[in-house]
Amino acid sequence: MTDRSSSVFSVSSLTKLYPGTNTPANDGISFNVVEGEIFGLLGDNGAGKSTLVKQMVNLLQPTRGTVKLYGRPVQEDPLLVPRHVGYMPQAARTLNSLTVSEALYFTSHLRGCNRREASRERERLLQLWDLHAIRTAQCSRLSGGQQRLLQLAAAMAGQPPILILDEPTNELAPQRRRHVWQTLRAENREKGTTIIFITHDAIEAEKIIQQVGILHKGRLAALGKPSTLKKRLSRELRLELRFQPESPPNLPIGLRPQKLAKGHWLVRLDQNQVDATLSAIDLARIDDFQLSSATLEDLYLHYT
């Protein structure tokens with residue numbers, strides 16, 4: 001086993017140009033993922049996130065550059081990634097002919113568990129992801145949210161040391177999303193599992209992320225710990241205003257609010273604008289306001 005401070009994945013100058021296109025889906029991307037960390041990839045649709053992880057799990061060959069897992073090129077051995085990585089794609093149809101119970105049993109078995117161990121692992125995952133009620137259901141008949149939970153469970157089957165999860169909370173209700181983040185945090189904290197996940201939701205990612213890579217138009221726009229990167233926005237503050245929708249407040253000239261919902265605005269301010277802005281707002285028309293420092297979402301918007 002490698003030292004905890006060493007890299008499990010090393011991506012170097014990775015470039016992917018699809019046939020018939022002139023613009024790379026990935027363009028010269030380089031980064032390392034350290035063992036035991038939670039690494040998040042943020043980016044809009046089309047930023048190149050899924051293309052990147054498909055190369056990392058050896059499902060897609062790069063045009064240029066290398067991906068190494070534990071110091072070995074992933075193309076060197078077709079079993080290198082399956083032995084160490086549980087991968088959850090955006091969509092998976094390979095389990096459709098099985099029941100939920102069968103899918104978890106056979107996935108565990110294929111990952112090296114004997115029959116007794118695979119049975120125990122199936123029961124653990126059914127409990128962990130609250131899938132007992134649908135254990136006999138055919139995978140093809142599950143709802144979108146149920147399929148996401150099954151895919152998460154299947155990625156974790158056999159307890160691989162690395163998880164790569166592509167949009168793990170898509171199609172999930174808020175309560176289920178919270179459960180996903182809590183479970184992944186516990187998996188990382190208790191077992192030292194390295195977790196790499198893709199998301200476009202910076203607000204959710206901030207709950208769990210330890211290192212972030214922000215992709216924009218196929219390039220890595222920023223890389224590092226969120227706390228370190230946010231220091232570059234140290235002068236930017238968030239002012240959230242809540243008010244009756246029919247009576248919005250007047251803002252100083254030049255400030256443009258972002259509408260989060262009816263009667264809910266977000267205004268981004270420089271530190272030297274705070275006093276003048278609060279003095280100009282008629283607080284009698286405000287139900288509530290909150291002033292806070294920059295978030296991961298602000299960082300994401302800054303770079304993209």
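For the structure, see preceding data.
Throughout what follows, the structure given in this document is the object of discussion. These numbers were taken from a predicted model, which means no experiment stands behind them.

Further remarks concern helix 3 (residues 100–110). Burial in helix 3 covers these residues: Val100, Ser101, Ala103, Leu104, Tyr105, Thr107 and Ser108. On the buried face of helix 3, the contacting elements are helix 4 (115–128) and helix 5 (144–156). Gly112 occupies a position one or two residues after helix 3 and carries a positive phi of about 110°.

Here we come to the pairing of strand 12 (residues 258–261). Strand direction decides the pairing type here: strand 12 and strand 13 (residues 264–270), joined by three bridges, are antiparallel. What sits directly across from Gln258, in strand 13, is Leu266. Hairpin geometry of strand 12 and strand 13 is characterised by an intervening segment of two residues between the two adjacent antiparallel strands and by a positive phi of about 70° at Gly263.

Our focus in this paragraph is the sheet that holds strand 13. Here four strands make up an open sheet; going across it, the order is 12-13-11-14 and the pairing antiparallel. The outermost strands of the open sheet, each flanked by one partner alone, are strand 12 and strand 14 (288–293). This sheet shows a mean twist of 25° between the axes of neighbouring strands, independent of strand direction. As paired elements, strand 11 (residues 236–242) and strand 14 share six bridges and run antiparallel to each other. Bridge pairing in strand 14 places Arg238 opposite Ser292.

Moving on, we come to helix 6 (residues 174–191). Helix length check: helix 6, at 18 residues, gives a terminal C-alpha distance of 26 Å against a target of 26 Å (1.5 Å per residue), a fit within 8%. Along helix 6, the positions that sit buried rather than exposed are Val180, Trp181, Thr183, Leu184, Ala186, Glu187 and Asn188.

Reading across the sheet, the six strands line up as 6-7-8-3-9-10 and stay open at both edges, with mixed pairing between neighbours. In this open sheet, the two strands that pair with only one neighbour each are strand 6 (85–88) and strand 10 (219–224). Pairs of neighbouring strands in the sheet enclose a mean axial angle of 15°, with direction left out of account. The pairing of strand 9 (residues 211–216) with strand 10 spans five bridges and is classified as antiparallel. What sits directly across from Gly213, in strand 10, is Leu223. The strands touched by helix 1 (residues 49–56) are strand 3 (38–42), strand 6, strand 7 (162–166), strand 8 (194–199) and strand 9; relative to strand 8, the strand with the most contacts, the crossing angle is about 150°.

Here we take up unusual backbone geometry. Trans is the prevailing form of peptide bonds, just as negative phi is the prevailing case for residues other than glycine. The backbone phi angle of Asp130 is positive, close to 55°, even though this residue is not glycine. For Asp130, the position within the fold is in the loop between helix 4 and helix 5. Of note, Glu171 is a non-glycine position whose phi angle comes to about 70°, a positive value. Examined against the element boundaries, Glu171 turns out to sit in the loop between strand 7 and helix 6.

Quick look at the packing of aromatic side chains now. Under the defined criterion, the tally for this structure stands at four aromatic pairs. Judged by centre distance (5.1 Å) and plane angle (55°), the rings of Trp181 and Phe197 are tilted. Here Trp181 is found in helix 6, whereas its partner Phe197 is found in strand 8, with 16 residues between them in sequence. By relative accessible area, which is 1% here, Trp181 ends up buried. Among the residues examined, Phe197 registers a relative accessible area of 0% and is labelled buried.

With respect to the helices, strands and loops of the structure, Asn26 is situated in strand 2 (residues 26–34). Of the residues examined, Asn26 reaches a relative accessible area of 0% and is grouped as buried. A polar contact of 3.0 Å, which involves the side chain of Asn26, links it to the backbone oxygen of Gly48. Engagement of the side chain of Asn26 in a polar contact is seen with the backbone nitrogen of Leu52, the distance being 3.3 Å.

What counts, and where the lines are drawn
- Throughout this description, residue numbers start from 1 for each chain and increase along the sequence as written.
- Where totals are concerned, whole chains, interfaces and linings use all residues; where local detail is concerned, this predicted model gives features only for residues with pLDDT of at least 70, and gives and counts side-chain atom pairs only at 80 or more.
- Hydrogens and waters are ignored; side-chain quantities use all the structure's heavy atoms.
- Throughout this description, buried means an accessible area under 20% of the type-specific maximum (1.4 Å probe, protein chains only), exposed means over 50%, and partly exposed covers the range between.
- Secondary structure elements follow DSSP: runs of H or I no shorter than four residues count as helices, runs of E no shorter than two count as strands, and numbering proceeds from the N terminus.
- The contact criterion used throughout is that any non-hydrogen atoms of two residues lie within 4.5 Å.
- Pairing between strands requires that DSSP locate at least two bridges from one strand to the other.
- Helix axes are fitted to C-alpha atoms over the stretch in contact, other axes to C-alpha atoms as well, and angles between N-to-C directions run from 0 to 180 degrees.
- Take the residue count of a helix, subtract one, and multiply by 1.5 Å to get its expected span.
- Each aromatic pair joins two rings of Phe, Tyr and Trp (for Trp, the six-membered one) with centres within 6.5 Å, and gets the label stacked for planes under 30 degrees apart, edge-to-face for over 60, and tilted for any other angle.
- Counting of polar contacts relies on pairs of N or O atoms within 3.5 Å, with two restrictions inside protein: one atom must be capable of donating a hydrogen and the other of accepting it, and residues adjacent in sequence are counted only when both atoms are side-chain atoms.

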